Structures are given as structure tokens and as C-alpha cells.
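Structural description and commentary
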Amino acid sequence: MPMVRPDAALPGLPDEAEQVHAADELNPRTPPQPAATLSEAGELLRALSAPVRIAIVLQLRDADRCVHELVDALDVAQPLISQHLRVLKAAGVVRGERRGREVVYRLVDDHLAHIVMDAVAHVQEGS
């Protein structure tokens, strides 16, 4: 019976180099990003880093909200909600639209809600 070297490919099966190459085709490498892009992404993640801001994003994921609705839903003081909304607005996460005497806040886009939801899900999976 012929001996098979442990490093030899088995007939009909791709060798290790072919497997790695096939994996690269399925998961192409991310090209390097410009420093300015990475810096802006870091600022965005920093804006999302406070627990109250995460809670605000989760609330706005469900529906547009006024400050008083966020205060009631999160049981956080109005000045603190307003301060966090300013940070989120400056980072381009939320947008406010005046309706009479109130300002209604909404998420700029769904990408940000996905980032927050993925982070929350990741933490819950580890619990």
C-alpha cells in the first residue's frame, strides 16, 4: 500500500494553497482606507460611545421622537437628553426638524442603527 505524505494533497481535494485562495475570493481583503476616513469613522464611533446616546439611537430606530418623549422613555433629565442630542447632531447621527414649538429628532440613516444594534447583540450573546 503506498504511503501518503501528511503534507500531500489528497486526490480530488484542493491543497491548502488552493483553499486559502478560494477563501480570499469569498472574503476579499479590505483595501487600506484614507486617514481622513478612519478619523471620521473614529469620531462617529466616539459619538455613539455613551450609553445614553446608544439608548437615544435605539429609541429613534423605532420612531422619530421629541425631546420630552426621549426624557419619558429613558427616564433621563431633559438637559442631559438635549446635551446628548447635540453631540449626536454634530456627529451627523441625528437630524432635528422643528414642528411648532417642538423639535422632532430622527436618525440620519439606518446604518447607524445597525451599528448600535450589532453592538448590543454582540454584548447580549456574550452574557
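Data block above holds the structure.
Residues numbered from 1 in each chain as written. Predicted model: local features only at pLDDT ≥ 70, side-chain atom pairs only at ≥ 80, totals over all residues. Heavy atoms only, no water.

Comments concerning the side chain of Q59
Within the secondary structure, Q59 is located in helix 3 (residues 51-62). For Q59, the side chain forms a polar contact with the side chain of R65, separated by 3.2 Å. Residues in contact with Q59, not counting those within four places in the same chain, are R65, L70, A73 and L74. (Helix = DSSP H or I, 4+ residues; strand = E, 2+ residues; numbered from the N terminus. Polar contact = N/O pair within 3.5 Å; in protein donor to acceptor, adjacent residues only side chain to side chain. Contact = heavy atoms within 4.5 Å.)

A look at the sheet that holds strand 1 (residues 65-66)
The strand order across the open sheet built from three strands is 1-3-2, with neighbouring strands paired in antiparallel fashion. The strands lining the two open edges of the sheet, one partner per strand, are strand 1 and strand 2 (94-99). Examined bridge by bridge, strand 2 and strand 3 (residues 102-107) share six bridges and lie antiparallel to one another. Its bridge partner lying in strand 3, R95 is registered against R106. The strands that helix 3 touches are strand 1, strand 2 and strand 3; relative to strand 3, the one it contacts most, it runs at about 90 degrees. (Pairing = 2+ DSSP bridges. Axes fitted to C-alpha atoms, helices over the stretch in contact; angles between N-to-C directions.)

A word on the side chain of R53
Relative to the assigned elements, R53 resides in helix 3. Within the buried core, R53 has no salt-bridge partner, and the shortest N-O distance to an opposite charge, that of E43, equals 9.5 Å. At a separation of 2.6 Å, a polar atom in the side chain of R53 contacts the main-chain carbonyl oxygen of A47. Not counting residues within four places of it along the chain, the set of residues in contact with R53 comprises R46, A47, H84, V87 and L88. (Buried < 20%, exposed > 50% of the residue type's maximum accessible area, 1.4 Å probe, protein only. Lys, Arg positive; Asp, Glu negative; His and termini not counted. Salt bridge = Lys/Arg side-chain N within 4 Å of Asp/Glu carboxyl O.)

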